[in-house]
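Topology and contacts: notes
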Amino acid sequence: MMKYSIEDFIAAAEKGDIAQLEACLFAGVDINEKGSWMEAPAMQYALQNKHQAAVEYLLQRGADLEYADNAGWTALHQAVFTGTKALVVMVLTKGACFEAESFQLAYEGNMDELNKLFEHSPQELKDVDSIGCDLIHYAAAGKQIICLLYTSDAADDMQCVD
């Protein structure tokens, strides 16, 4: 049996090479171990390079969606920022979660529900996730046309419009 390193596994994820991913796992490489360059697990390299089949393979083999890189990015963060809806849907279907309801609504462009949410919880307009992303980041990642008007710092003066 050949010896494989985490760097071989990461390289396979970057290329979307499922046969190499499988060989590395068979040889005992930890599916959630972090590589040295981005200090991220293989799942994030596959997501970053938009290798849908490799992402699916890693998910089937038990990759942890909540295992973050050293910057705090999870698989969902990486999927959202690839701009590939199929990857976002894939990781959400497998159990990843938005950190706040407002982030999901912004990603989906659901303005009616966002407005209802902000009527009851206007402070959520200012929310940021664990890596510093706010509603604008999620709306942009979801390719939604959304504007948040900040007429002042007071939450009562904020509104969401299409």
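The following refers to the structure shown. As the structure is a computational prediction, the values presented were derived from the model and not from experiment.

Rules of the game
- Residue positions within a chain follow its written sequence, with the count starting from 1.
- Side-chain atom pairs in this predicted model are given and counted only at pLDDT of 80 or more, local residue features only at pLDDT of at least 70, and totals for whole chains, interfaces and linings cover all residues.
- The basis for every side-chain value is the complete set of non-hydrogen atoms in the structure, without hydrogens or water.
- Secondary structure is summarised from DSSP: a helix means a run of H or I of at least four residues, a strand means a run of E of at least two, and numbering begins at the N terminus for each.
- In this analysis, two residues are considered to be in contact whenever any of their non-hydrogen atoms come within 4.5 Å of each other.
- Areas reported as accessible are Shrake-Rupley estimates using a 1.4 Å probe. Residue values count occlusion only from the protein chains shown.
- Note on classification: 1.4 Å probe, protein chains only; a residue is buried when its accessible area is under 20% of the maximum for its type, exposed when over 50%, partly exposed between these limits.
- Note on terminology: a nonpolar core comprises buried Ala, Val, Leu, Ile, Met, Phe, Trp, Tyr and Cys residues joined through side-chain atoms within 4.5 Å.
- The term salt bridge refers to a side-chain nitrogen of Lys or Arg lying within 4 Å of a carboxyl oxygen of Asp or Glu.

Observations concerning the overall build of the protein
Helix and strand counts for the protein come out as nine helices and two strands. Listing every helix and strand of the protein by position from the N terminus yields α-α-α-α-α-α-α-α-α-β-β. Nonlocal contacts in the protein, meaning residues at least 24 apart in sequence, comprise 58% of its contacts between residues at least 6 apart. Total accessible area on the protein is roughly 8400 Å²; 49% of this is exposed by carbon and sulfur atoms.

Let's talk about the side chain of Gln78
Residue position: Gln78 is located in helix α5 (residues 75-82). Overall, Gln78 belongs to the buried group, its relative accessible area being 8%. Look past the residues within four positions of Gln78 in its chain and what remains in contact with it is Met38, Gln44, Leu47, Gln48 and Trp73.

A short note on the nonpolar core
Phe9, Met43 and Leu58 are the most contacted members of the largest nonpolar core, which has 49 residues in total. Non-local contacts of Phe9, meaning those with residues more than four positions away in its chain, are made with Leu21, Cys24, Leu25, Val29, Asp30, Ile31, Ala42 and Leu58.

Here's the deal with the environment of Leu25
Its location among the elements puts Leu25 in helix α2 (residues 18-26). The exposure class of Leu25 is buried, given its relative accessible area of 13%. Residues Leu25 and Arg61, spaced 36 residues apart in sequence, show a C-alpha to C-alpha distance of 9.0 Å. Filtering out sequence-adjacent residues up to four positions away, Leu25 remains in contact with Phe9, Ile31, Tyr57 and Arg61.

A word on the pattern of salt bridges
When charged atoms on two side chains of opposite charge get close, those side chains can pair. This model, assessed by the stated rule, comprises one salt bridge. Across the pair Glu56 and Lys94 runs a salt bridge, and its minimum N-O distance is 3.8 Å. Taken together, the residues span a long stretch of sequence, with Glu56 in helix α4 (residues 52-60) and Lys94 in the loop between α6 (85-93) and α7 (101-108) at a distance of 38 residues.

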